[in-house]
Amino acid sequence: MTLKLGHLINGERIGAEGATLESLNPSNTDEVVALFPAGDAAAVDAAVAAARAAQPGWANASPEVRADLLDKVAATIMARAAELGELLAREEGKTRAEGMGEVMRAARIFRYFGGEALRRHGQTLESTRPGLDVATYREAVGVYGLITPWNFPIAIPAWKSAPALAFGNTVVIKPANVTPAIASALADIIMECGAPPGVFNMVLGQGQVGAAIADHPGVDAISFTGSQGVGTKVGMAAMARQARVQLEMGGKNPLVVLADADLDKAVAIALDGGFFQTGQRCTASSRVIVEDAIHDRFVAALAEKAKGLRVGAALDPETQVGPAASEAQFEQNLRYAKIAVDEGGRCVTGGDPAKAATPGYYMTPTLIADTNPDMRINKEEVFGPVVSTVRVKDYDAALDLANAGEFGLSSGIVTNSQKHARHFRKHVRAGMVMVNLPTAGVDYHVPFGGTRKSSYGAREQGFAAVEFYTQIKTVYTGD
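The paragraphs below set out a description of the structure included in this document. What you see is a predicted model; the values in this text were computed from it and never measured. (Residues numbered from 1 in each chain as written. Predicted model: local features only at pLDDT ≥ 70, side-chain atom pairs only at ≥ 80, totals over all residues. Heavy atoms only, no water.)

Things to note about the sheet that holds strand β15 (residues 346-349)
Hydrogen bonds along the backbone pair up the strands of a sheet, which may run parallel or antiparallel.
Then, number 1: With respect to topology, 7 strands assemble into an open sheet ordered β15-β16-β17-β14-β13-β18-β19, the strand pairing being mixed. The sheet is open, and its two borders are formed by β15 and β19 (432-435), each paired with just one other strand. Going across the sheet, the axis of each strand differs from the next one's by a mean of 25°, ignoring polarity.
Then, number 2: As defined by bridge partners, strand β13 (residues 254-257) adjoins strand β14 (residues 287-291) across 4 bridges and the pair is classed as parallel. Counterpart to V256 in the pairing with β14 is I289.
Then, number 3: Against the sheet, helix α10 (residues 292-308) touches β13, β14, β15, β16 (366-369) and β17 (386-392), its axis set at about 140° to β14. (Pairing = 2+ DSSP bridges. Helix = DSSP H or I, 4+ residues; strand = E, 2+ residues; numbered from the N terminus. Axes fitted to C-alpha atoms, helices over the stretch in contact; angles between N-to-C directions. Contact = heavy atoms within 4.5 Å.)

What about the sheet that holds strand β21 (residues 471-477)?
Then, number 1: Strands sit in the order β6-β7-β21 across an open sheet of 3 strands; the sheet is antiparallel. Of all strands in the sheet, those with a lone pairing partner are β6 (123-126) and β21, marking the two edges. Pairwise comparison of adjacent strand axes, ignoring direction, gives a mean angle of 25° for this sheet.
Then, number 2: The pairing of β6 with strand β7 (residues 133-139) spans 4 bridges and is classified as antiparallel. Across the sheet, the residue bridging to E126 is D133, located in β7.

Some points on the environment of D400
Then, number 1: Looking at the element boundaries, D400 is found in helix α12 (residues 395-402).
Then, number 2: Distance from D400 to R429, taken between C-alpha atoms, is 9.8 Å for residues 29 residues apart in sequence.

Overview of the packing of helix α4 (residues 96-116) against helix α5 (residues 155-166)
Then, number 1: Contact geometry of α4 with α5 gives a least axis separation of 9 Å together with a crossing angle of 10°. Of the possible angle classes, the one that applies to α4 and α5 is roughly parallel. Seen from α4, the contacting residues are E102, R105, A106, I109, F110 and F113; seen from α5, they are A155, A158, W159, S161, A162, P163 and A166.
Then, number 2: Of the residues in the contact of α4 with α5, the class split is 10 nonpolar, 1 polar and 2 charged. (Parallel < 35°, antiparallel > 145°, perpendicular 65-115°, else oblique. Nonpolar A, V, L, I, M, F, W, Y, C, P; charged D, E, K, R; others polar.)

As for the nonpolar core
Then, number 1: With 62 residues, the main nonpolar core has V73, I77, F110, F113, F200, M202 and Y469 as its most contacted residues.
Then, number 2: Of the residues forming this core, the biggest block, 9 residues, is contributed by helix α6 (residues 180-192).
Then, number 3: Apart from the residues within four sequence positions on either side, F113 is in contact with L70, A162, P163, A166, Q461, G462 and A465.
Then, number 4: Counting residues in each nonpolar core, the second largest holds 26 residues, with L255, A261, V311 and V387 among its members. (Core = buried A, V, L, I, M, F, W, Y, C linked by side-chain atoms within 4.5 Å. Buried < 20%, exposed > 50% of the residue type's maximum accessible area, 1.4 Å probe, protein only.)

A few points about the side chain of S23
Then, number 1: Mapped onto the secondary structure, S23 falls in strand β4 (residues 21-25).
Then, number 2: Judged by relative accessible area, S23 falls into the buried class, the value being 1%.
Then, number 3: Within the structure, S23 has its side chain in polar contact with the backbone oxygen of V178 (distance 3.3 Å). (Polar contact = N/O pair within 3.5 Å; in protein donor to acceptor, adjacent residues only side chain to side chain.)

Topic: α12
Then, number 1: Turning to α12, its buried residues number three or more, namely Y395, A398, L399, L401 and A402. End-on view of α12: buried residues confined to an arc of 165°, all on one side of the axis. Those residues of α12 that are exposed and angled more than 90 degrees off the buried face are D396 and D400.
Then, number 2: Packing partners of the buried residues in α12 comprise β13, β14, β17, β18 (410-414) and α13 (418-427).
Then, number 3: Capping of α12 at its N-terminal end is provided by D394; its side-chain oxygen lies 3.4 Å from the backbone amide nitrogen of D396. (Arc of directions from axis to C-beta.)

A few points about the pattern of salt bridges
A side chain of one charge can pair with a side chain of the opposite charge when the charged atoms of the two come close.
Then, number 1: Here the structure, examined in full by the defined rule, presents 20 salt bridges.
Then, number 2: Residue D370 pairs with R346 through a salt bridge whose shortest N-O separation is 2.7 Å. In this pair, D370 sits in the loop between β16 and β17 while R346 sits in strand β15, placing the two residues 24 residues apart along the sequence.
Then, number 3: Residue class for R346 comes out partly exposed when judged on its relative accessible area of 39%.
Then, number 4: In this structure, the salt-bridge partner of K453 is E406, at a minimum N-O distance of 3.4 Å. Here K453, found in the loop between β19 and β20 (455-456), pairs with E406, found in the loop between α12 and β18; they are 47 residues apart in sequence, far enough to count as distant. (Salt bridge = Lys/Arg side-chain N within 4 Å of Asp/Glu carboxyl O.)

So far we have only geometry, and geometry alone does not tell us how the molecule works.
So, in structure tokens, the structure goes:
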């Protein structure tokens, strides 16, 4: 069944009659998952007006009201996890298990921030001047514009909107045009659970919607996840009018494998980080830096495991790697594999479209060996099931290479040496460090973000979210 979606503005669904844009099932491109409207500046204006009108009442409500809403949203998502997981898998291409996992993550994010709504606290301090009291309070900022990607189409809207709502802000969200249906399902749940009209608004459409949100004088803060190119434009637009801005812009995450590592463990870690969820994770282990003494054995073993992965439709219970989320992403994956070979890399396995029972964006898991650090495959984010390896002589060379480039989101090392693990944790230039773990896979209650051009602004998620989604007021009181 094809869903027909509309914007959500001031508690009402509008624009469905103009729903002409298509969201396709990447596992079967003959199936249209949803039709949705192409939002415009007028729709953004209406959504922002609704959010601004609702914000004072929402901010001044008891924190228990906000906590109860988020807790109810969490419970509703959990109760509908099976149907939401299936919708996510149909629309984005994750396997059913991966889709279910993401849905449950979204639910737990809402539950976590339901608790945080009650823990928004300040400080009392002694003044340097006798007879004065000093206190700090955290307050809501206002209207938040959220621009979210397709690779985690319910979890990322959750980890941006839940703290915004918890701390008394209102929301205008623009979800990715590849995955509007699952984001729309989340919006329906938030309204069904009792969000007042105007507190949560959603405008569907293409890039002009995000641009209108970033430019809008009624939007007090912007949180964006996506590419560096688009993120730079969003950031410049927000800063031009002194709006708060938070940008997450991907990674080219290094996984260092030292010669003392357990080979089987290293291969399993690289396989998980590089190929699962079709490599469509900003924290994926897309470049693996391997010490010379173990390199050839590691490449052979990883290639064998990658060949054995079953590529197929997202809802097939036997599938381990689903399709790319869109035709554009599929073509990009194939293009980068070819570029890597043209620049001198050796395609050990994959690099081609995969056969399947239905028409879709299927690609064989791809391993490119014998690359050098200056190749594009090692400098640019591919965002697919494509992993490159680089041979290095020792740990020092591996660390230097891990720190090369413009990205600094996640990083990992596989080693049995506590000395090297400790040194790596301290000296690698990345916002997140994994020791004997895949670079992908993070908890929802701790900060998320990177260094260099991977991230800009305050950290997302967990206890760090309060910094971006509130502002501090300092109050002096005399006799």
